[in-house]
Amino acid sequence: MNTWAMSVSGLRTVVELEIRQRIRSKRWIWALLGWFLLTGGLTSLVIWSATEMVRINGQGPSAGFQAGPLAFGLITYLVLGLGLMIAPAFTATTINGDRAAGTLATLQATRLSSLEIVLGKLIAAWLAAAVFLVVALPFIAWSMVLGNISLWQVAVTFAVVFAEVAVVCAIGLGFSAMFSRAAGAAMLTYLTVVVLSVITVIVLALSSVLVVRPTTYRVWGLTPAVQQQYQDQVEQTYKDDPKANPPAPPVDKCTWFERTDQTTRMDLVWWVVVANPFVVVADAAPLPPGAAQDLTKYIALSSDPLAGVRWGVRKLSQPPQTEIDECSYLYESLPGFRVEYDNDGRATVTTKSGEPVTVSPVKVAPVNVENPIWPWGLGVHVLLGAVFFWGAVTRLKIPYGALQRGTRVA
């Protein structure tokens, strides 16, 4: 048998055989029904929570708030998380399960190649997992009705979700071929999912203590001496009259000076989460027209979790700002003034009537969300899945090499 031979008829035979075995039991229907009810219940909870948030915060169409992006993002993460959980169940036991039942040798005794057997099992498992994801589409349509979600956003986002599920299926197949015990293969597949989804975030958080570096800043604000004088005035005012209002900060004494602080350089370790499936999906999800130009405002109005994760990861990748404005916010404690921040965080001070007073001299570096990072993360996943797929094919080649003790062939 040629290990890497491929034919459409052989591949179709394996796919049909696998699908028939999976839908033979009525438990399949009950599993789909349970998934539909679970997804529907959680979706209803998400949309109800979004609606309540609008009511409690007093937001509405006049404020530009739409619950669609919030619901769509949370449902996408829900479907992705549950998809990553169910995918190992379809593949981590398929090869070692057939070997234990003595049916794998029957396939290998035919003209089917190892590639056709493994690829057919992968496609069948991916289709089975995709059915569960497709069941969630009605609730995605519901979030589209709520507003500001296009069909293009749904198509691209779920194409990446399906790709992530396919990768996990390939990893499960590899472990299923390498380990004779189904429990061990399933456990290692789930462990891989946990490492990619959860452990990467934990490693990023823990590594923050390893990247603390001294950084010299150029600060626009009150010098330490002036700051101390102001603090002394505040304390003296409270001593004289505990109910008195504190004195106004001396904003007229703001000036440039240098200060060296210990800074956590997350830009040195942010790449740890590039291969996180949730980051990959969030970064790949298209933004509505105009959102990229004012992403901060869009996130504030929509509470879009996908856009929030995209912005947060990009923010972590930026080196620390070498210029800091510590003066503009002092106007917030002065009566008659208002401080507003643009999309890049640059402050503008105006009077209550809207007359301009000052603009922050610190130019804040914008968060660039245009250059995608998701192809790198998805590329790592595809490479990982390809390695495990190759391992599964080579483990099924005929004739066998050395087998583990107690391994059943037929």
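Residues numbered from 1 in each chain as written. Predicted model: local features only at pLDDT ≥ 70, side-chain atom pairs only at ≥ 80, totals over all residues. Heavy atoms only, no water.

A.B. asks: What's the story with the overall build of the protein in this structure? I'm lost.
C.D. replies: In terms of helices and strands, the protein carries 14 helices and six strands. Principal-axis analysis of the C-alpha atoms gives the protein an extent of 95 × 45 × 35 Å. In the protein, which comprises 410 residues, the proportion classed as buried is 44%. Contacts spanning at least 24 positions in sequence make up 80% of the contacts within the protein whose residues lie at least 6 apart. When the accessible area of the protein is evaluated, it comes to approximately 21300 Å², of which 64% is carbon and sulfur surface. A gap of 19 Å separates the mean positions of the 30 positive and 26 negative side-chain charges of the protein. (Helix = DSSP H or I, 4+ residues; strand = E, 2+ residues; numbered from the N terminus. Buried < 20%, exposed > 50% of the residue type's maximum accessible area, 1.4 Å probe, protein only. Contact = heavy atoms within 4.5 Å. Areas by Shrake-Rupley, 256 points an atom, 1.4 Å probe, with all protein chains shown as cover. Lys, Arg positive; Asp, Glu negative; His and termini not counted. Charge placed at Lys NZ, Arg CZ, Asp CG, Glu CD.)

A.B. asks: Please explain the packing of aromatic side chains as it appears in this structure.
C.D. replies: Two aromatic rings are characterised by how far apart their centres lie and by the angle between their planes. Tallied over the full model, the rule gives eight aromatic pairs. Between F175 and F388, the ring centres sit 4.7 Å apart and the planes meet at 55°, which makes this aromatic pair tilted. Residue F175 is located in helix 8 (residues 151-178), and its partner F388 is located in helix 14 (residues 374-395); the two are separated by 213 residues in the primary sequence. For F388, a relative accessible area of 15% translates into the label buried. (Phe/Tyr/Trp six-rings, centres within 6.5 Å; stacked < 30°, edge-to-face > 60°.)

A.B. asks: For this particular structure, what's the right way to read a nonpolar patch on the surface?
C.D. replies: Among the surface-exposed residues, L191, V194, V195, V198, I199, I202, V203 and L206 lie close enough to one another that they form a single nonpolar patch of about 620 Å² accessible area. Position of V198 relative to the elements: it lies in helix 9 (residues 182-206). Owing to a relative accessible area of 41%, V198 belongs among the partly exposed residues under this scheme. (Patch = residues over 30% accessible without salt bridge, like charges linked within 9 Å, V, L, I, M, F, W, Y side chains within 5 Å. Salt bridge = Lys/Arg side-chain N within 4 Å of Asp/Glu carboxyl O.)

A.B. asks: Just checking my understanding: could you explain the sheet that holds strand 6 (residues 356-359) for this structure?
C.D. replies: What holds strands together in a sheet is hydrogen bonding between their backbones, with the strands either parallel or antiparallel. The strand order 4-5-6 describes an open sheet built from three strands, whose pairing is antiparallel. With partners counted over all chains shown, the strands left at the sheet margins are strand 4 (337-341) and strand 6, one partner each. Within this sheet the neighbouring strands show an average axis-to-axis angle of 20°, counted without direction. Relative to strand 5 (residues 347-351), strand 4 runs antiparallel, the two sharing five bridges. From the neighbouring strand, E340 faces strand 5, where its bridge partner is T348. (Pairing = 2+ DSSP bridges. Axes fitted to C-alpha atoms, helices over the stretch in contact; angles between N-to-C directions.)

A.B. asks: Can you help me understand the state of the cysteines in this one?
C.D. replies: Note on terminology: disulfide describes a covalent bond linking the sulfur atoms of two cysteines. Taken as a whole and judged by the stated rule, the model has one disulfide. C254 shares a disulfide with C327; S-S distance 2.0 Å. Taking the torsion about the S-S bond as the criterion, the C254 to C327 disulfide, at about 90°, is right-handed. Residue C254 is found in the loop between helix 10 (224-240) and strand 2 (255-264), and its partner C327 is found in the loop between strand 3 (323-325) and strand 4; the two are separated by 73 residues along the sequence. Pair check on accessibility: C254 and C327 agree, each one buried. (Disulfide = S-S within 2.5 Å.)

A.B. asks: Explanation requested: the layout of surface pockets in the structure shown.
C.D. replies: Over the atoms, a rolling probe the size of a water molecule traces out where space has been left empty. Taken as a whole, the largest pocket encloses approximately 390 Å³ of empty space. In terms of lining residues, the largest pocket is bounded by 24 residues, among which K315, P320, Q321, E323 and V364 are the most central. Elements with a minimum of two residues in the lining of the largest pocket: strand 2, helix 13 (305-317) and strand 3. Ranked by residue count, the leading element in the lining of the largest pocket is strand 3, at three residues. (1 Å grid on protein atoms, 1.4 Å probe; cavity = no way out; pocket = protein on both sides within 12 Å on 5 of 7 lines; lining within 4 Å. Points joined across faces, edges and corners; volume = space filled by probe spheres on them.)

A.B. asks: When you look at the sheet that holds strand 3 in this model, what are you seeing that I'm missing?
C.D. replies: Pairing is mixed in the open sheet, where three strands are placed in the order 2-1-3. Each edge of the open sheet is held by one strand with a lone partner, namely strand 2 and strand 3. Adjacent strand axes in the sheet meet at a mean angle of 35°, parallel and antiparallel pairs treated alike. Relative to strand 3, strand 1 (residues 212-221) runs parallel, the two being bridged by three bridges. Within the sheet, the bridge partner assigned to R218 lies in strand 3 and is E323.

A.B. asks: Please explain the pattern of salt bridges as it appears in this structure.
C.D. replies: When charged atoms on two side chains of opposite charge get close, those side chains can pair. Summed over the entire model, instances satisfying the criterion amount to nine salt bridges. Between R218 and E323 there is a salt bridge whose closest N-O contact spans 3.1 Å. Of this pair, R218 sits in strand 1 while E323 sits in strand 3; the two residues are 105 residues apart in sequence, bridging distant segments of the chain. Assessed through its relative accessible area of 26%, E323 is described here as partly exposed. Of the charged contacts in the structure, one is a salt bridge between D283 and R310, with a shortest N-O distance of 3.8 Å.

A.B. asks: When you look at the confidence of the model for the protein in this model, what are you seeing that I'm missing?
C.D. replies: Predicted coordinates in areas of low pLDDT are best not read in detail. On average, residues of the protein score 84 in pLDDT, and 92% of them are at 70 or above. When the criterion is pLDDT under 50, residues 60-64 qualifies, and its contacts beyond four places in sequence or with other chains add up to four contacts. (pLDDT = per-residue confidence, 0-100.)

A.B. asks: Would you take a moment to explain the environment of D294 for this structure?
C.D. replies: With respect to the secondary-structure elements, D294 resides in the loop between helix 11 (277-284) and helix 12 (295-302). Along the primary structure D294 and A67 are separated by 227 residues, whereas in three dimensions their C-alpha atoms are 18 Å apart.

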